[in-house]
There are 2 protein chains.
Amino acid sequence: MSEAQWDRSRCSVAGALAVVGEKWSLLVLREAFLGVRRFADFQRVLGAPRAVLTDRLNTLVEEGILRRVPYQAQGERQRHEYRLTQKGIDLHPALVALMAWGDRYLAEDGEVPLELRHRDCGEPVHLALVCEAGHELSGARDVRPVPRIPTG
Amino acid sequence: MSEAQWDRSRCSVAGALAVVGEKWSLLVLREAFLGVRRFADFQRVLGAPRAVLTDRLNTLVEEGILRRVPYQAQGERQRHEYRLTQKGIDLHPALVALMAWGDRYLAEDGEVPLELRHRDCGEPVHLALVCEAGHELSGARDVRPVPRIPTG
DNA sequence: CGGGCTGAGTTCGCTTGACGAACCACCCTC
DNA sequence: GAGGGTGGTTCGTCAAGCGAACTCAGCCCG
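Residues numbered from 1 in each chain as written. Chains lettered and ligands numbered in written order. Predicted model: local features only at pLDDT ≥ 70, side-chain atom pairs only at ≥ 80, totals over all residues. Heavy atoms only, no water.

1. A word on the interface of chain A and chain B
- Counting residues at the interface gives 80 residues for chain A and 80 residues for chain B.
- Where chain A meets chain B, there are 5 salt bridges.
- A salt bridge links Arg104(A) to Asp90(B), with the shortest nitrogen-to-oxygen separation between them at 3.4 Å.
- Of all elements in the fold, only α1 (12–20), α2 (25–33), α3 (39–46), α5 (86–89), α6 (92–106), β3 (114–118), β4 (125–131) and β5 (143–147) of chain A reach the threshold of two or more residues within the side of chain A that touches chain B.
- Top element by residues in the side of chain A that touches chain B is α6(A). It accounts for 14 residues.
- Residue classes in the side of chain A that touches chain B are distributed as 47 nonpolar, 12 polar and 21 charged.
- As judged from the 5 bridges shared by β5(A) and strand β3 (residues 114–118) of chain B, these two strands associate in the antiparallel manner. Looking at β3(B), one finds that Pro147(A) is bridged to Leu114(B). (Contact = heavy atoms within 4.5 Å. Salt bridge = Lys/Arg side-chain N within 4 Å of Asp/Glu carboxyl O. Helix = DSSP H or I, 4+ residues; strand = E, 2+ residues; numbered from the N terminus. Nonpolar A, V, L, I, M, F, W, Y, C, P; charged D, E, K, R; others polar. Pairing = 2+ DSSP bridges.)

As structure tokens, this is what we get:
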């Protein structure tokens, strides 16, 4: 038997996807990281159906990934906007990883649509796997998965 | 207008999700990273409907993320198994990122179901954002997104 | 005050996708 | 050549996603 024995039912990947794996959820978060906060702006840039967008925003708020913040522009009635919580901000690496993969394999003529740079020094940024001892791993093959809760 | 102007239609996140964003796709890949290769094993550990699993495996093969490899165990007929290509292996960071997030926010009683360790030194591994100048960024706020193809 | 506009949803048919269960073909072992 | 396991396909049902139309609250202009 080649695959490791462990309890898939509490897999963190499955859990994360149960929360943000529905259609549009991660794209909503992508826009949130780019500064989009208002319903109409999400709707316009994403092109998602309104009903779906309503549902995704509500779900993300319920899950504590976004929070509704009341605000009032001058000469307009009070509205609320959607902002990332820390829980939401912590999804950033997942989006960066997907973006990096898409940049590598889907970009046409090497034209990357969006580049991430270090705010302080301006240099391009990438994801790296590092261990507690400080080694930077070269790839997935340097990783050994260790089940902590075997099924028995 | 707060959000940056850029061409969402070729966003790498959306592109990546169009390829691996369907239900079960990333879970299939999770198992592939853990060594699962055969249809029946995917079906058993995931519990996904057969028809869906067939479709996801075919899609992943078409997309070049998995490849079908014929093999023959002794005393058995020839079968084929599904193995990760380099394109598939490069999705590893995305799964690690989702797993890390799930570990942090969804694990009950701090029990993390699966731990990743450096194969060489045995130390736990985590994802980090680093820039070309070698700085390790502390979080999403240290990142500045730079659109490369403005919509005009 | 009356009517229009706008942002934020909600409702409605329709179509697509996911689901579990049953069915099927191949080829091996006995 | 009977039985069984692998690797699917087919089928009917049910949930989800879809675009378009409708709603509603509040501000603005006249």
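Now that the structure has been shown, we can carry on.
2. A look at α3(A)
Residues and elements named next belong to chain A.
- Among all positions in α3, only Asp41, Phe42, Gln43, Val45 and Leu46 are buried.
- Summarising the contacts, the buried residues of α3 are in contact with α2, α4 (50–62) and β2 (78–84).
- Following α3 by one or two positions, Gly47 has its phi on the positive side, about 75°. (Buried < 20%, exposed > 50% of the residue type's maximum accessible area, 1.4 Å probe, protein only.)

3. Digging into helix α4 (residues 50–62) of chain B
Residue and element names in this part refer to chain B.
- Between its first and last C-alpha, α4 extends 18 Å over 13 residues, near the 18 Å set by a 1.5 Å rise per residue.
- Among all positions in α4, only Leu53, Arg56, Leu57, Thr59 and Leu60 are buried. Viewed along the axis of α4, the buried residues span an arc of 160°, placing them on a single side of the element. Exposed side of α4, more than 90 degrees from the buried face: Arg50, Ala51 and Glu62 are the residues found there. (Expected span 1.5 Å × (residues − 1). Arc of directions from axis to C-beta.)

4. Let's talk about the confidence of the model for chain A
- Summing up the model confidence of chain A, the mean pLDDT is 89 and the portion of residues at 70 or higher is 91%.
- For chain A, the element scoring lowest by mean pLDDT is strand β1 (residues 66–72) of chain A, at 85; α5(A) scores highest, at 97. (pLDDT = per-residue confidence, 0-100.)

5. A look at the packing of helix α2 (residues 25–33) of chain B against helix α6 (residues 92–106) of chain B
All names here are of chain B.
- Here α2 crosses α6 at 100°, and the two axes come no closer than 10 Å. The angle between the axes of α2 and α6 places the two elements in the roughly perpendicular class. Contact residues: Leu26, Leu29, Arg30 and Phe33 in α2; His92, Leu95 and Leu98 in α6.
- For the contact of α2 with α6, the residue count by class is 5 nonpolar, 1 polar and 1 charged. (Axes fitted to C-alpha atoms, helices over the stretch in contact; angles between N-to-C directions. Parallel < 35°, antiparallel > 145°, perpendicular 65-115°, else oblique.)

6. Thoughts on the relation of the copies chain A and chain B
- With an RMSD of 0.1 Å, chain A superimposes on chain B once it is rotated by 180° and translated 0.0 Å along the axis. Taken together, the rotation and translation describe the operation of a two-fold axis.
- Here 100% of the contact residues of chain A are again contact residues in chain B; the copies associate through an equivalent surface. (Least-squares fit on C-alpha atoms with pLDDT ≥ 70 in both.)

7. Quick notes on the packing of aromatic side chains
Residue and element names in this part refer to chain A.
- Counting across every chain of the model gives 2 aromatic pairs over all chains.
- Their ring planes at 45° and their centres at 5.5 Å tell us that Trp101 and Tyr105 sit as a pair that is tilted. Separated by 4 residues within a single helix, Trp101 and Tyr105 lie in helix α6, roughly one turn from each other. (Phe/Tyr/Trp six-rings, centres within 6.5 Å; stacked < 30°, edge-to-face > 60°.)

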